[in-house]
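# Observations on chain architecture
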Amino acid sequence: SAITGKFGQGYGGDVLFHITKNVDFGVGLYKSSTHYQWDFESIVNNLPGGNTDTIGIKRWDLFADYLTVPIQFGFVTRVADQLWLQVYPALELNFLQQLTYDYELNGQMPLVEDKTQVARDLNLAINFGLGAEYRFLEKMGFFTRLQFRYFFYPAIEDEVITELVYTVGGHIGLRYHF
């Protein structure tokens, strides 16, 4: 593929409240980063009459850093004495901290461009997590969750190439039950 998702990361924490035995409501605060790469040589050369020599860009990388606030509902069910399955859909508020484009040009030094000032300050995303928690103490457990997240809007609306960012990854951590 000409577009490749690269390594991203996030860290932070959640505060979850038990509404019922099997339903949680929570809010969190995370620092998250994403990285995408477009291979312009492959894209342009696959177009009829395409020639990357006329464009001058071989590769384009997008780096985005967000302060993320997930508003989530959790559906949790016990499947064994110490094992709980979890489903956590969430609406995320993603506040842009930095957006950088990194271009690899034909025969020249790479060009780095800060696009933070022209990008969308707030982007919404839908997040879906599916996982399990193993409680090794009565009030403390280890959890792991697969996660999919899809942004509603492109980072910059009027860009030549726009991309609706999505991420696939995982959450791991410790959870304490008050």
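Now for a description of the structure that goes with this document.

Cut-offs and rules
Each residue is numbered by its place in its chain's sequence as written, counting from 1. Reporting of local features is limited, given that this is a predicted model, to residues whose pLDDT is at least 70; pairs of side-chain atoms are given and counted only at 80 or more, and all residues count toward the totals for whole chains, interfaces and linings. Computation of side-chain values covers all heavy atoms of the structure but excludes hydrogens and water. The helix and strand labels rest on DSSP assignments: H or I over at least four residues marks a helix, E over at least two residues marks a strand, and numbering proceeds from the N terminus. Any pair of nitrogen or oxygen atoms within 3.5 Å is treated as a polar contact; in protein, a donor-acceptor pairing is required on top of that, and neighbouring residues in sequence qualify only through side-chain atoms on both sides. Two residues qualify as a contact provided that any one of their heavy atoms is within 4.5 Å of a heavy atom in the partner residue. In this analysis a 1.4 Å probe is tested at points of a 1 Å grid over the protein atoms alone, and where it fits but cannot get out there is a cavity; an open set with protein on both sides within 12 Å along at least five of seven lines is a pocket; lining residues have an atom within 4 Å of a point. Grid points are joined across faces, edges and corners, and a volume is the space filled by probe spheres set on the points. Residue polarity is assigned by list, with Asp, Glu, Lys and Arg as charged and Ala, Val, Leu, Ile, Met, Phe, Trp, Tyr, Cys and Pro as nonpolar; anything else, Gly included, falls into the polar class. A pair of strands counts as paired when DSSP detects no fewer than two bridges linking them.

## A look at the side chain of T68
Within the element layout of this structure, T68 appears in strand β4 (residues 57-78). Separated by 3.0 Å, the side chains of T68 and S32 make a polar contact. When residues no more than four places from it in sequence are discounted, the contact partners of T68 are G28, L29, Y30, S32, E92, L93, N94 and R149.

## Quick look at the layout of surface pockets
Estimates place the volume of the largest pocket at around 1000 Å³. Lining the largest pocket are 45 residues; nearest its centre among them are D14, Y30, R145, Q147 and H171. Of all the elements in the fold, those that place two or more residues in the lining of the largest pocket are β2 (9-18), β3 (23-39), β4, β5 (83-105), β7 (122-135), β8 (140-151) and β9 (166-176). Broken down by element, the residue count for the lining of the largest pocket peaks at 11 residues, all from β9. Class assignment of the residues belonging to the lining of the largest pocket gives a composition of 17 nonpolar, 22 polar and six charged.

## Let's talk about the pairing of β3
Here β2 pairs with β3 via 10 bridges, running antiparallel. Bridging from a neighbouring strand, D14 pairs with G28 of β3. Hairpin connection from β2 to β3: four residues lie between these consecutive antiparallel strands. Here β3 runs beside β4; their pairing, made up of 15 bridges, is antiparallel. Of the residues in β4, the one forming a bridge with H35 is F63.

Don't take any of this as a statement about function, it's just geometry.
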